[in-house]
Amino acid sequence: MTGCQGIPRPRGWFRALFVVPVLLLAGLAASSASSAPSAPPQSVTLQLKWKHQFQFAGYYAAAEKGYYREAGLDVKIVEAQAGRDAVDVVLAGEAEYAVGTSDLLLRRARGQKVVVLGVVFQHSAQVLLVRRGPGLENVHELAGKRVMLEPGEAELLAYLRREGVPPERFTTVPHSFDVAALIEGKVDALSAYSTDESYLLERAGVDVMVFTPRAAGIDFYGDNLFTTEAEVEAHIDRNFDFRRQRG
């Protein structure tokens, strides 16, 4: 992982965020795999960072094929709601697990006890999709424009800062989780996943440019499955079972 403006360099908390919980969970593999659940299924909630999409296929498959049930889990999968941050949902106790972004690094550095259990993408698919038009041919021309962003967009904000376009130089619009805002010209750019929205916009005949933080050397994992330290400490077997069954 390369460093980026606005994201602290990894220190002891980085190891606590990723390495320690994974090692603890891995240590339970043999005992958990060999013991069938005898108690009623434990109800847990998974908060997604986006609307229902194929990027979460592993979780859907585990639920639909009964893998969670076999592991003693009754999993409710909840899609994102406008204006709500998945990290805040988990910290508030409204979900045991969630899918998050690189913002987890900042949250951990600020003392919020979030813990990453696993990642789906080796490289984040987070990008900015910009509608091509007069006076908007590169990322620097987003100054003065309307940019629709999801909560916790640390890597995109760091990318824009590095390119000389900090938040005070553009108008931030709350994300609607719908590409219609860009199609209808209500915004000039939106945060998106390179795997999803670019295809929808291509089908709609909208000419867009794709700007990625990786172009500025900002590279992080994507779709990070996380929970809290309290959840790991109180239900370490459940954490292992959930992580193991996610596809």
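Whatever comes next refers back to the structure up there.
Now for a description of the structure that goes with this document. (Residues numbered from 1 in each chain as written. Predicted model: local features only at pLDDT ≥ 70, side-chain atom pairs only at ≥ 80, totals over all residues. Heavy atoms only, no water.)

## Some details on the overall build of the protein
Applied cut-off: Strands here mean DSSP runs of E at least two residues long; helices mean DSSP runs of H or I at least four residues long; both are numbered from the N terminus. When accessible area is computed with a 1.4 Å probe and restricted to protein chains, residues below 20% of their type maximum are described as buried, those above 50% as exposed, and intermediate ones as partly exposed. For this analysis, residues touch if any pair of their heavy atoms sits within 4.5 Å. Note on areas: these come from Shrake-Rupley sampling with a 1.4 Å probe, and a residue is covered only by the protein chains present in the view.
A tally of helices and strands in the protein yields 11 helices and 10 strands. When the 247 residues of the protein are sorted by exposure, 47% land in the buried category. Pairs at least 24 residues apart make up 81% of the contacts formed inside the protein by residues separated by at least 6 positions. Accessible surface, the protein: about 11500 Å² in total, of which carbon and sulfur atoms supply 51%.

## What about the sheet that holds strand 5 (residues 126–131)?
The criterion, for reference: When DSSP locates at least two bridges between a pair of strands, those strands are taken to pair. To get an axis, fit a line to the C-alpha atoms, keeping to the stretch in contact for a helix; angles then go from 0 to 180 degrees between the N-to-C directions.
Taken together, 5 strands build an open sheet; the order of strands is 7-6-8-5-9 and the sheet is mixed. Strands with a single pairing partner mark the edges of an open sheet, and in this sheet they are strand 7 (171–174) and strand 9 (208–211). For this sheet, the mean inter-axis angle between neighbouring strands, taken without regard to orientation, is 35 degrees. Summarising the sheet, strand 5 and strand 9 pair through 4 bridges and their orientation is antiparallel. Note on strand 9: the bridge partner recorded for Arg-131 is Val-208. In this fold helix 7 (residues 154–162) packs onto strand 5, strand 6 (146–149), strand 8 (189–193) and strand 9, with an angle of close to 60 degrees to the strand it touches most, strand 5.

## Remarks on the sheet that holds strand 3 (residues 97–100)
Read from one edge to the other, the open sheet built from 5 strands follows the order 2-1-3-10-4, with strand pairing classed as mixed. The open sheet has two edge strands, strand 2 (73–78) and strand 4 (114–121), and neither has a second partner. When the angles between neighbouring strand axes are averaged without regard to direction, this sheet yields 25 degrees. With 6 bridges connecting them, strand 1 (residues 42–47) and strand 2 associate as parallel partners. Counted as the bridge partner of Gln-42 is Leu-73 from strand 2. Those strands touched by helix 3 (residues 57–64) are strand 1, strand 2, strand 3, strand 4 and strand 10 (222–228), and its axis lies near 140 degrees from that of strand 2.

## Points about the packing of aromatic side chains
This is how the line gets drawn: Stacked, edge-to-face and tilted labels apply to pairs of Phe, Tyr and Trp rings (six-membered ring for Trp) whose centres lie within 6.5 Å, assigned for plane angles under 30 degrees, over 60, and everything in between, in that order.
Taken as a whole and assessed by the stated rule, the structure comprises 5 aromatic pairs. For the ring pair Phe-220 and Tyr-221, a centre distance of 5.7 Å and an interplane angle of 55 degrees mean the geometry is tilted. Pairwise contacts between aromatic rings join Tyr-59, Tyr-68, Tyr-97 and Phe-242 into one cluster.

## Focus on the pairing of strand 8
Along any regular strand the residues' side chains alternate between the sheet's two faces. Buried residues dominate strand 8, accounting for 5 of its 5 residues. Residues Ala-189, Ser-191 and Tyr-193 point to one face of strand 8 and Leu-190 and Ala-192 to the other, with burial holding for every one of them. Across 5 bridges, strand 5 lies against strand 8 in antiparallel orientation. Looking across to strand 8, one finds that Leu-129 is bridged to Leu-190.

## Quick look at unusual backbone geometry
Its identity is not glycine, yet Phe-177 carries a phi of approximately 60 degrees, on the positive side. Structurally, Phe-177 is set in the loop between strand 7 and helix 8 (180–183). Phi is positive for Asp-223, close to 55 degrees, though the residue is something other than glycine. Tracing the chain through its elements places Asp-223 in strand 10.

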